[in-house]
Amino acid sequence: MTTTTRRGRFRVTLAGVIALSVACGVGGRLAAADSPENVAPAPTATPPDLLTRVADLEAYVTNGAAKALISAGPGHNAWMMTSTALVLFMTLPGLALFYGGLVRRKNVLSVLAQCFGCAGLVTILWWAVGYSLTFAPGSSILGGGRFAMLRGVTSAPNPDYASWVSQNVFAMYQLMFAIITPALIVGAIAERMKYSAIMAFITIWMFVVYFPLAHMVWGIDGLMNGVWNAKAAIKAIDFAGGTVVHMSSGWSALVLCLILGKRTGFGKRAFLPHSLVLTTVGTGMLWVGWYGFNAGSAVASDGIAAGAFTATTLATAVAASVWPLLEWMVRRKPSVLGFCSGAVAGLVVITPASGFVTPSGAVLIGVLAGVVPYLACTKLKAIFKYDDALDTFGVHGVGGTMGALVTGFLATPSVNANLKTNLSALVGRTLWLEQLKAMGVTVVLSVGATTAIALVLKATLGLRPSADAEEEGLDMTDHGELGYHEEGGGYGEELGASAEAHAIDNSAEAFQQADRA
């Protein structure tokens, strides 16, 4: 992410460092390597002197660049492994439950399968070439093949991205971002796209959209890596994925749902969430996991991570309050779905800014996140009548776009001194113009590529199931199983009772409509 070896510049006195080294017994670790795999050889043949060893200890404490030692630091590595698990937790089970509760009961397993499918497919692509195309040096648009099949990606750090975090941990952390991004698109086309078509779309989309865009924004020689690439043509910033994750998935989701068409019966009957309980549980998991997403993007356990952690909490809490407050004002009742939608919107909008803004800036972002995506989901969608089933565009597309722009206005070096590295002349002045350029590249790439991929697949593989199969439910037609069974009903009986399953779904929907009335 927009963090690397030079994070955190606070000072530690020499005497304090020496005392710390004695007390913690880490001086010896700095003098000798653990193993040839985990520690790169010292740049000189002679052992480093005491001052160099102490300087390296200070660099470890402050997350600075090492002078004589390149080794994974246990504290930073532990945080990044935890963050990796937290980001996977966002997709499985967080996003799966969030989306699963919002669809009708006959399609709940299809959404879970799509999330699991993303996890498996993207992991294979990431191992084969994805990580290399994203983070290996190459051109300003796409990385090279140095790390294909994770060749050379060991427990030793890659100083281009982190001095104290193992590169294999960094690679797995970034994999989790690659997994959740296409999984977000699923929300817009839920209940009406074949599983085979979704997997084919994601495979191509990762190569055409995600890998190039992630390299441009986060790659050491990326076109839009304004923080670390002094030669970047577009000097933009994106701390944790406003453009790479949310804009790319949100705008692609809009295009895909337009090409796919509306769900059968859309606008003629209600499509109510079958379980807001699942959605609420999923929202909580997303919020918890997002700390790994945003604070983990510091690629260290340092002061910048702490700032991102704080900003994430404030923006999310504010947005989760503002959205239902607007519902209360307009509809006279704050809904649980409103709390959930507001929380996710807050998480989305703060993402690109989380490591760059003050607590007050985060509160302002939370207010905007509660208002603008709310209007996009309730007004914009109603005006243009597109079937963005679970509001992927309204929350991630609109929210991510707004977050990227607002970051250009609110980012400050007082929170993240790395902004002074290559952006001193832009921060607080014209950085927002660079953000606009990056946003433009993201929209053009996402919209153009998604249009081409979707049209090709529509003409060859086909995107939608038949009308009868869609009406029956994708759980049965795509996966041959149901998420729910009548009490006392046998599994085999249910598999052979498609008409009965459809009747159960209609009964549940009628009950929900009556209950709401």
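In what follows, the structure referred to is the one given above.
Rules of the game
- Residues numbered from 1 in each chain as written.
- Predicted model: local features only at pLDDT ≥ 70, side-chain atom pairs only at ≥ 80, totals over all residues.
- Heavy atoms only, no water.
- Helix = DSSP H or I, 4+ residues; strand = E, 2+ residues; numbered from the N terminus.
- Polar contact = N/O pair within 3.5 Å; in protein donor to acceptor, adjacent residues only side chain to side chain.
- Contact = heavy atoms within 4.5 Å.
- Phe/Tyr/Trp six-rings, centres within 6.5 Å; stacked < 30°, edge-to-face > 60°.
- Buried < 20%, exposed > 50% of the residue type's maximum accessible area, 1.4 Å probe, protein only.
- Salt bridge = Lys/Arg side-chain N within 4 Å of Asp/Glu carboxyl O.
- Core = buried A, V, L, I, M, F, W, Y, C linked by side-chain atoms within 4.5 Å.
- Axes fitted to C-alpha atoms, helices over the stretch in contact; angles between N-to-C directions.
- Parallel < 35°, antiparallel > 145°, perpendicular 65-115°, else oblique.
- Left-handed = near helix turned anticlockwise from the far one by under 90°.
- Nonpolar A, V, L, I, M, F, W, Y, C, P; charged D, E, K, R; others polar.

Before going further, it helps to examine the side chain of N158. Assignment of secondary structure puts N158 in the loop between α5 (108-135) and α6 (167-185). Within the local environment of N158, its side chain forms a polar contact with the side chain of Q167, the two groups lying 3.3 Å apart. If we ignore the near neighbours within four places in the chain, the residues touching N158 are F147, V165 and Q167.

Our next topic: the packing of aromatic side chains. Following the criterion strictly, the structure yields 22 aromatic pairs and no others. Relative to F211, the ring of W126 lies with its centre 6.1 Å away and its plane at 50°, an arrangement referred to as tilted. Separated by 85 residues along the polypeptide, W126 in helix α5 and F211 in helix α7 (residues 195-218) bring together distant segments of the chain. On the basis of relative accessible area, W126 is assigned to the buried category, the value being 1%. What makes F211 buried here is its relative accessible area of 0%. On the basis of an interplanar angle of 55° and a centroid distance of 5.3 Å, the ring pair of W290 and F293 is categorised as tilted. Residue W290 and its partner F293 are both found in helix α9 (residues 276-294); the two are separated by three residues, about one turn of the helix. For the pair shown, W290 and F293 are each scored as buried.

All told, the structure shown has nine salt bridges when counted by the stated rule. In this structure, the salt-bridge partner of E471 is R269, at a minimum N-O distance of 2.9 Å. With E471 in helix α16 (residues 467-472) and R269 in the loop between α8 (242-260) and α9, the pair connects residues that are 202 residues apart, well separated along the chain. Of the residues examined, E471 reaches a relative accessible area of 22% and is grouped as partly exposed. Of the charged contacts, one joins E434 and K437 as a salt bridge, the two residues approaching to 3.1 Å between their closest N and O atoms. Of this pair, E434 and K437 both sit in helix α15 (residues 431-460), three residues apart, which is roughly one turn of the helix. For E434, a relative accessible area of 12% translates into the label buried. By relative accessible area, K437 is classed as partly exposed at 42%. Connected via shared salt-bridge partners are R104, E191, R192, R263 and D387.

Among the secondary structure elements, D302 is positioned in the loop between α9 and α10 (303-331). Each C-alpha atom of the pair D302 and W79 lies 9.8 Å from the other, and the pair is 223 residues apart in sequence. A polar contact of 3.2 Å, which involves the side chain of D302, links it to the backbone nitrogen of I304.

W126, M193, F201, I202, M206, Y210 and F293 are the most contacted members of the largest nonpolar core, which totals 121 residues. Ranked by residues supplied to this core, first place goes to α7 with 15 residues. Here W126 is in contact with Y131, T134, F135, L150, A171, M172, Q174, L175, A178, Y210 and F211, once residues within four sequence places are set aside. Ranked by size, the runner-up nonpolar core spans 12 residues in total, among them A319, V349, V357 and I365.

Turning to the packing of helix α11 (residues 336-350) against helix α12 (residues 359-384), a few remarks are in order. At a minimum axis separation of 8 Å, α11 and α12 run at an interaxial angle of 125°. With respect to α12, the element α11 is oriented oblique. Along this stretch, α11 crosses α12, giving a crossing that reads as right-handed. On α12, the residues that touch A345, G346, V349 and I350 of α11 are A362, I365, A369 and P373. When grouped by side-chain class, the residues that make up the contact of α11 with α12 number seven nonpolar, one polar and no charged.

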